[in-house]
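The lines below spell out each chain.
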Amino acid sequence: MELYKQVFENNRKWAEEHLKDDPNFFEELAKGQDPEFLFIGCADSRVPASEVMGLKPGQAFVHRNVANIVVNTDLNAQAVIQYAVEQLGVRHVVVCGHYGCGGVAAAMQSQDLGQLNGWLREVRDVYRLHAAELNAITDDEARYRRLIELNVQEQCINVIKTSWVQKMYLKTGYPTVHGWVYDLHNGRLIDLEIPFEEKLAGIREIYHLEVD
Ligand code: CO
């Protein structure tokens, strides 16, 4: 069967499976969402957010773009973060990169990529911030992997810079921000264990807000 048509057959079975376990599954979900996670990941088709986390519908609010970038002037990402933090009250904000990221690979080359030039400049800025460490890595693959990790770390910092994350955290102790990398070769998630409180303290020296 053509994949396009197969999708509707797949969907029918998927919905039936959920109803078998819980006849009210969809009706309950339709009442509202209370996700514990905001997941910010790459748009890459090989990194399906909820699936790799083993989560059900309703458990993760998801935002994805090329190379999992969080830009201050990106209305889309900023609206997602504010809504997730202030309205949904997510406990965890995760920025998840992945080894083998085409966006990061493109940012390491000097070719003209059209619309992606400006977007991927964010990754080049990450490179510039960490150029001493990255340039000291002689193995190309190892340098690529490290840039993927450092990009996740810097995008976590961009999340922590937002006023809504700072305000909510100081009021409630949530959300905490985490950096993960997904390994396409074995399907495993790696927690980079970015020291959130330490990063927040450093950021508040410069980007702090007064909180009533
Ligand atoms: Co990617």
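Since the model is a prediction, treat every value here as computed from it, not as a measurement. (Residues numbered from 1 in each chain as written. Predicted model: local features only at pLDDT ≥ 70, side-chain atom pairs only at ≥ 80, totals over all residues. Heavy atoms only, no water.)

## What to know about the coordination of the cobalt ion
Bound to the cobalt ion on the protein side are Cys42 (SG), His98 (NE2) and Cys101 (SG), at distances that span 2.1 to 2.3 Å. When the donor residues of the cobalt ion are listed from N- to C-terminus, their spacing reads C-x55-H-x2-C. With a gap of 56 residues between them, Cys42 in strand E1 (residues 37–42) and His98 in strand E3 (residues 92–98) connect regions that are remote in the sequence. (Donors = N, O, S within 2.8 Å, 3.2 Å for Na, K, Ca; no water. Helix = DSSP H or I, 4+ residues; strand = E, 2+ residues; numbered from the N terminus.)

## Overview of the pairing of strand E4 (residues 176–183)
Of all eight residues in E4, seven are buried, a share of seventy percent or more. As paired elements, E4 and strand E5 (residues 188–191) share four bridges and run antiparallel to each other. When the bridges of E5 are listed, Asp183 appears paired with Arg188. Here E4 folds back onto E5, and the loop between the two strands holds four residues, one of which, Gly187, carries a positive phi near 75°. (Buried < 20%, exposed > 50% of the residue type's maximum accessible area, 1.4 Å probe, protein only. Pairing = 2+ DSSP bridges.)

## Overview of the packing of aromatic side chains
With the rule as written, the count across this model stands at six aromatic pairs. Here the aromatic rings of Trp14 and Phe26 are separated by 5.5 Å at their centres, their planes lie at 55°, and the arrangement is tilted. Of this pair, Trp14 sits in helix H1 (residues 3–21) while Phe26 sits in helix H2 (residues 25–30), and the two are twelve residues apart along the sequence. In this structure Phe26 comes out as partly exposed when scored by relative accessible area, which is 27%. Ring geometry for Phe61 versus Tyr83: centroids 5.8 Å apart, planes at 45°, classification tilted. Placement of the pair is Phe61 in strand E2 (residues 60–65) and Tyr83 in helix H4 (residues 75–87), with a sequence separation of 22 residues. When its relative accessible area of 39% is taken as the criterion, Tyr83 is described as partly exposed. Ring pairs connect the aromatic residues Trp14, Phe25 and Phe26, which therefore count as one cluster. The cationic tip of Arg91 hangs over the ring face of Tyr174; the distance from NZ or CZ to the ring centre is 3.5 Å. (Phe/Tyr/Trp six-rings, centres within 6.5 Å; stacked < 30°, edge-to-face > 60°. Lys NZ or Arg CZ within 6 Å of the ring centre and 35° of its normal.)

## Section: the state of the cysteines
Tallying each qualifying case throughout the model produces zero disulfides. In this structure Cys96 is not part of a disulfide, and its nearest cysteine sulfur, from Cys42, lies 9.4 Å away. Judged by its relative accessible area of 1%, Cys96 falls in the buried class. (Disulfide = S-S within 2.5 Å.)

## A short note on the pairing of E3
Of all seven residues in E3, six are buried, a share of seventy percent or more. Both E1 and E3 contribute to a ladder of five bridges, which runs parallel. In the strand pairing of E3, Phe39 is matched with Val94. Summarising the sheet, E3 and E4 pair through seven bridges and their orientation is parallel. Note that in E4 the partner of His98 across the bridge is Tyr182.

## A closer look at the pattern of salt bridges
Following the criterion strictly, the structure yields ten salt bridges and no others. With a closest N to O distance of 2.7 Å, Glu9 and Arg12 form a salt bridge. Of this pair, Glu9 and Arg12 both sit in helix H1, three residues apart, which is roughly one turn of the helix. The salt bridge partner of Glu133 is Arg146, with a shortest N-O separation of 2.5 Å. Here Glu133, found in helix H7 (residues 131–135), pairs with Arg146, found in helix H8 (residues 140–161); they are 13 residues apart in sequence, far enough to count as distant. In this structure Glu133 comes out as partly exposed when scored by relative accessible area, which is 34%. On the basis of relative accessibility, which here comes to 25%, the residue Arg146 falls in the partly exposed class. (Salt bridge = Lys/Arg side-chain N within 4 Å of Asp/Glu carboxyl O.)

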